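Report on the structure
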Amino acid sequence: MRMYAHLAIFPHFNASCRTFASSAPSGVERELIRYFTFSQEVAIPTISLFVAGYCIGPLLWGPLSEVIGRRKVFIATFTFYTGFQVGCALSRNTASILIFRLLGGIFAAAPLSNSGALMSDIWDAGTRGEALAYFALAPFAGPTLGPLVSGFMAVSGVDWRWVFWLLAIFAGVCLVLVVFTLPETLL
């Protein structure tokens, strides 16, 4: 274990935050259809465009973290990701919500593509496999909890925008944790 082992929970929390956002709008799909007056076929991309961003983001964030460092990439992507969640909450038309979801997914891809490298920076070769096995659970926890939380919000009468405000708050908390607790691990 290296000197940053106390940061072991960070990649798990970070990935769960971002994957939670991938599926959260599914619980308020009917409210989105009603507000934006689009069809079911147009509502589906609020999920799929975010996940499509996961395909684009790693092409940027993986190589960039090897050049400028992991901490800078995490701070930049968390900042923009948080802003795109606020953009979703403030969306007034179909185009804006779809564009903000795609951009949010691109910036949400950073912990999914870079946490493995962060884990290898933190853990030595003898314990890295176990740490990565635990980390592999994190991307499954978020998408499972997203519809549960947003569905609860929908049936309790909360406006659909609060799902995105919740995502922005969650991302903001993660951003603060990154800024104040994550040192540069790329040595």
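Quick caveat: nothing in here was measured; it's all calculated off a predicted structure.

Let's shift gears to the side chain of Ser 23. Structurally, Ser 23 can be placed in helix α1 (residues 9-23). With near-sequence residues (within four places) excluded, Ser 23 lies in contact with Ile 47, Gly 142, Pro 143, Gly 146 and Pro 147.

Let's shift gears to the packing of aromatic side chains. Enumeration according to the criterion identifies 13 aromatic pairs in this entry. With a centroid separation of 5.3 Å and an interplanar angle of 55°, the aromatic rings of Phe 36 and Trp 160 are classed as tilted. On the criterion of sequence distance, the pair formed by Phe 36 in helix α2 (residues 29-36) and Trp 160 in the loop between α8 (138-155) and α9 (161-181) is long-range, its members being 124 residues apart. Looking at Trp 160, the relative accessible area reads 3%, which means it is buried. Seen from their ring centres, Phe 84 and Phe 107 are 5.4 Å apart, and the 50° between their planes marks the pair as tilted. Placement of Phe 84 in helix α5 (residues 70-89) and of Phe 107 in helix α6 (residues 94-122) is noted, with a sequence separation of 23 residues between them. Residue Phe 84 is classed as buried on the basis of its relative accessible area of 13%.

Turning to unusual backbone geometry, a few remarks are in order. Despite not being glycine, Thr 37 shows a phi value in the positive range, around 50°. For Thr 37, the location among the structural elements is in the loop between α2 and α3 (40-43).

With that out of the way, let us pick up the nonpolar core. Grouped together as the largest cluster of nonpolar side chains are 45 residues, with contacts concentrated most on Leu 32, Trp 61, Phe 78, Tyr 81, Ile 97, Trp 160 and Phe 164. Of all the elements in the fold, those that place two or more residues in this core are α1, α2, α4 (45-68), α5, α6, α7 (128-135), α8 and α9. When near neighbours in sequence (up to four residues on either side) are disregarded, Trp 160 contacts Val 28, Glu 31, Leu 32, Tyr 35, Phe 36, Cys 88, Ala 89, Ser 91 and Ile 97.

Conventions and cut-offs
- Residues numbered from 1 in each chain as written.
- Predicted model: local features only at pLDDT ≥ 70, side-chain atom pairs only at ≥ 80, totals over all residues.
- Heavy atoms only, no water.
- Helix = DSSP H or I, 4+ residues; strand = E, 2+ residues; numbered from the N terminus.
- Contact = heavy atoms within 4.5 Å.
- Phe/Tyr/Trp six-rings, centres within 6.5 Å; stacked < 30°, edge-to-face > 60°.
- Buried < 20%, exposed > 50% of the residue type's maximum accessible area, 1.4 Å probe, protein only.
- Core = buried A, V, L, I, M, F, W, Y, C linked by side-chain atoms within 4.5 Å.

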